[in-house]
Amino acid sequence: MYVFPKGLYSDIRIEHSCSANYSVSNGDVKQNSETTVGGAMIRVYDGKLWYTSVTNDLDTIQSELDSLAAIAEPDPDIDVRGT
């Protein structure tokens with residue numbers, strides 16, 4: 001699904017949070033709404049520094065990951081098994 005950069009540790013955490021708003025006045029429902037928001041935290045580690053980005057647009061996760069990888073310095077000692 002995602003292309004992870006070689007020589008870097010990458011971490012993507014996706015979360016969906018829900019909120020509900022209800023209001024009743026004199027027995028009448030005035031407000032009844034629910035909202036769900038998705039978001040992601042993307043991290044890249046090059047052996048020296050963590051680079052982090054946060055987005056609510058889940059379609060941009062790969063571009064955020066690519067942007068972080070572009071400013072990090074790959075380390076050949078970081079194992080990339082499983083990618």
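Heads up: the structure comes first, above all this text.
For the structure given in this document, a descriptive report is provided here. (Residues numbered from 1 in each chain as written. Predicted model: local features only at pLDDT ≥ 70, side-chain atom pairs only at ≥ 80, totals over all residues. Heavy atoms only, no water.)

Overview of the sheet that holds strand 1 (residues 9-25)
Within a sheet, neighbouring strands are paired by backbone hydrogen bonds and run either parallel or antiparallel to one another.
Next, step 1: What the three strands build is an open sheet, ordered 1-2-3; its pairing is antiparallel. The open sheet terminates on both sides in strands that have one partner only, identified here as strand 1 and strand 3 (50-55). Within this sheet the neighbouring strands show an average axis-to-axis angle of 20°, counted without direction.
Next, step 2: Here six bridges tie strand 2 (residues 28-45) to strand 3, and the two strands are oriented antiparallel to one another. Each bridged residue has a counterpart across the sheet, and for Tyr45 the counterpart in strand 3 is Trp50. (Pairing = 2+ DSSP bridges. Helix = DSSP H or I, 4+ residues; strand = E, 2+ residues; numbered from the N terminus. Axes fitted to C-alpha atoms, helices over the stretch in contact; angles between N-to-C directions.)

Re the pairing of strand 1
Next, step 1: Summarising the sheet, strand 1 and strand 2 pair through 17 bridges and their orientation is antiparallel. Within strand 2, the position partnered with Cys18 by the bridge is Thr36.
Next, step 2: The loop that links strand 1 with its antiparallel partner strand 2 comprises two residues; one of these, Asn26, has a positive phi angle of about 55°.

Some details on unusual backbone geometry
Leaving glycine aside, a negative phi is the common case for residues, and trans is the common case for peptide bonds.
Next, step 1: Located in the positive-phi region is Asn26, a residue other than glycine, with phi close to 55°.
Next, step 2: Tracing the sequence through the fold places Asn26 in the loop between strand 1 and strand 2.

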